[in-house]
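The chain contents come next:
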Amino acid sequence: MNDGGHVYILANRKQGALYTGVTSDLALRIGQHRSDHFKGFTSEYNIKRLMWSQHFETIEPAIRREKQIKEWRRAWKIELIEADNPDWDDLAVKLFNFPPL
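Here's what I pulled together on the structure shown here. (Residues numbered from 1 in each chain as written. Predicted model: local features only at pLDDT ≥ 70, side-chain atom pairs only at ≥ 80, totals over all residues. Heavy atoms only, no water.)

### Quick word on the packing of aromatic side chains
Under the criterion given, the structure shown has 4 aromatic pairs. Between W72 and W76, the aromatic rings sit 6.3 Å apart at their centres with planes inclined by 75 degrees, giving edge-to-face as the arrangement. (Phe/Tyr/Trp six-rings, centres within 6.5 Å; stacked < 30°, edge-to-face > 60°.)

### Section: helix α1 (residues 26-34)
Among the residues of α1, L26, I30, Q32, H33 and R34 are the ones counted as buried. A distance of 3.5 Å separates the backbone nitrogen of A27 from a side-chain oxygen at the start of α1, and that oxygen is part of D25. Of the residues trailing α1, D36 is marked for its positive phi of about 60 degrees. (Buried < 20%, exposed > 50% of the residue type's maximum accessible area, 1.4 Å probe, protein only. Helix = DSSP H or I, 4+ residues; strand = E, 2+ residues; numbered from the N terminus. Polar contact = N/O pair within 3.5 Å; in protein donor to acceptor, adjacent residues only side chain to side chain.)

### Observations regarding the sheet that holds strand β3 (residues 49-56)
Sheet architecture is open: 3 strands sit in the order β2-β1-β3, paired in antiparallel fashion. The two strands at the open ends of the sheet, each matched to only one other strand, are β2 (18-23) and β3. Averaged over all pairs of adjacent strands, the angle between their axes in this sheet comes to 15 degrees, without regard to strand direction. Pairing of strand β1 (residues 5-11) with β2, which is carried by 6 bridges, proceeds in the antiparallel orientation. Pairing of H6 across the sheet is with T23, part of β2. This element, α1, spans β1, β2 and β3 of the sheet and lies at about 30 degrees to β1. Across the sheet, helix α3 (residues 59-71) is in contact with β1, β2 and β3; its angle to β2 comes to roughly 165 degrees. (Pairing = 2+ DSSP bridges. Axes fitted to C-alpha atoms, helices over the stretch in contact; angles between N-to-C directions. Contact = heavy atoms within 4.5 Å.)

The following block contains the structure:
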């Protein structure tokens, strides 16, 4: 999944702390989060599990979508996750063969 853009939501656990981001390479970005490459919010709260993502053909609409989701209430983000991932499975395990956390 190294083309276009991806909006994604990470969590540290079910109903836990959430982080919304955007990238052109989802597998690489998830690996960076898992290795604490980014110091700050995600590393401080151990936010490493991929809960939801959406692919776009180009990065521009992905950036717009990320900004939109970041403005949402927390409850709406949880509804978005649970619509596709009701059990809060770490999708990086299935999609990219990352080891379970």
